[in-house]
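# Remarks on the overall topology
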Amino acid sequence: MVADLSQLVKAYDVRGVVPDQWDESLAELFGAAFVQVTEAEAIVVGHDMRPTSPGLSGAFARGAAARGADVTLIGLCSTDQLYYASGALGLPGAMFTASHNPAQYNGIKMCRAGAAPVGQDTGLTEIRTLVETWSQDGAQRPAPAVTPGTVTERDTLDDYAAHLLGLVDLSAIRPLKVVVDAGNGMGGHTVPTVFGGLPLDLVPMYFELDGTFPNHEANPLDPKNIVDLQARVLAEGADLGLAFDGDADRCFVVDERGAGVSPSAITALVAARELARNGGSGTVIHNLITSASVPEVVRENGGTPVRTRVGHSFIKAEMAEQGAIFGGEHSAHYYFRDFWNADTGMLAALHVLAALGGQDAPLSELVDVYDRYAGSGEINSTVDDQAGRLAAVRAAYGDRDDIAFDDLDGLTVTSPDWWFNLRASNTEPLLRLNVEAGDETTMAAVRDEVLALIRVA
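A few points on the structure. (Residues numbered from 1 in each chain as written. Predicted model: local features only at pLDDT ≥ 70, side-chain atom pairs only at ≥ 80, totals over all residues. Heavy atoms only, no water.)

## Regarding the overall build of the chain
- What the chain contains, in helices and strands, is 14 helices and 23 strands.
- Seen through its C-alpha atoms, the chain measures out along the principal axes to roughly 70 × 55 × 40 Å.
- Burial status across the chain gives 54% buried among its 457 residues.
- In the chain, 67% of the contacts between residues at least 6 apart in sequence involve partners at least 24 apart.
- Carbon together with sulfur atoms contributes 48% to the accessible area of the chain, which is approximately 17700 Å² in total. (Helix = DSSP H or I, 4+ residues; strand = E, 2+ residues; numbered from the N terminus. Buried < 20%, exposed > 50% of the residue type's maximum accessible area, 1.4 Å probe, protein only. Contact = heavy atoms within 4.5 Å. Areas by Shrake-Rupley, 256 points an atom, 1.4 Å probe, with all protein chains shown as cover.)

## Focus: the layout of surface pockets
- Within this model, the second largest pocket holds a volume of roughly 320 Å³.
- Around the second largest pocket, the lining comprises 20 residues; the ones closest to its centre are Ser291, Ala292, Thr414, Trp419 and Glu436.
- Listing elements by their share of the lining of the second largest pocket, those giving two or more residues are helix 9 (293–300), strand 21 (411–414), strand 22 (418–424) and strand 23 (430–437).
- It is helix 9 that contributes the most residues to the lining of the second largest pocket, 3 residues altogether.
- The residue makeup of the lining of the second largest pocket, split by class, is 8 nonpolar, 7 polar and 5 charged. (1 Å grid on protein atoms, 1.4 Å probe; cavity = no way out; pocket = protein on both sides within 12 Å on 5 of 7 lines; lining within 4 Å. Points joined across faces, edges and corners; volume = space filled by probe spheres on them. Nonpolar A, V, L, I, M, F, W, Y, C, P; charged D, E, K, R; others polar.)

## Focus: empty space enclosed by the protein
- Here the structure, examined in full by the defined rule, presents 1 cavity of 30 Å³ or more.
- Of the pockets and cavities examined, the largest cavity occupies roughly 30 Å³.
- For the largest cavity, the full set of lining residues is Leu167, Glu274, Arg277, Ile325, Phe336, Arg337, Asp338, Leu347 and His351.
- For the lining of the largest cavity, the secondary-structure elements that each account for two or more residues are helix 8 (263–277) and helix 11 (345–357).
- Of the residues in the lining of the largest cavity, the class split is 4 nonpolar, 1 polar and 4 charged.

Everything listed here is a matter of coordinates, which is why it stays silent on function.
Shown next, in the form of structure tokens:
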């Protein structure tokens, strides 16, 4: 097909509707371009449970092998399992998934050896240019290598599980009852193996691999998609619930009351544990819209918090530059130095199990110390003049006492009792607002005041 990659190639990955926006012929060109840009002699490729994933990943492998690269196919896997393979094997990798997007979508998350990300500034732009050039009518296709690469299969699931279990001490935890909602995604593939030898009474929900997502969207950050999990936790009298997204690289936690646990609270909990594991010191990365409790907890536990922009490429770059031990985002992405700075919801889940199982209090009490403020969550507003509204908000707060401004990612306005961040979407006419304060009343007042400034008629 003749490719229009303007909507297909995003800032961090490839993602679009199959076959309308891309197909196996285009996937083959992506495989060839990936090998050329990374100069890889060998790569590793995995895929999720979407109906189109085996064909697309196989085509990518053919394109890579035709350019001379040896390809290791690890088959069905979670995204963090692909990152494990990239790190453990020392190979660039490609994961075929569209994460939490609807069934008609698919995509590619690419990385260099050691799970280092491939994004717009680290090779994805060059890959896009090559694919655009090769896909045009009458264009010269990539020349095959004199000696094509081999294509072999390898199972990495047991090794992936062993690596994760080697990073968290679960040897002395008390028995726990845990409900896991895999959302018909790749958690149904990884959870049985990772949790298999632990003292857990596992209650599985939607473990059948089904890329049509017959039960609900595999996006646990949307409250409607964890309703089933919340009800099941209460019905089972479980200690906690875990929900994974479609490619199982994100994990959302529900406590014994069926209440969602803020990803910021999980970030703080895991940060405290990772700092203790590293002798009470180390750097922890967090994006600027995680709760203020995160840097507080990091400092209280001897660590150094470093704030960064929203987005996994910024977190991973800062992780590498700072030599950080851990990083967390408000979106339930958790990054670990000992996992090649890559994100793995499964490892965060194991930390939660270890923390809960290592003491007698329920999860709601355990996380209460990390959940210190009232937050609005992310509120989106459709705004055509994003720059004008941002300027209006800045002007409205500019003459008030004890106000500080920060332009790291959009506009952050901070007072002694509250803060908010307002930032523009890169792809849609939206402004995204996050507010946090010491209590619900103050948070709601600030939230409503800012929304009134940006949602003008």
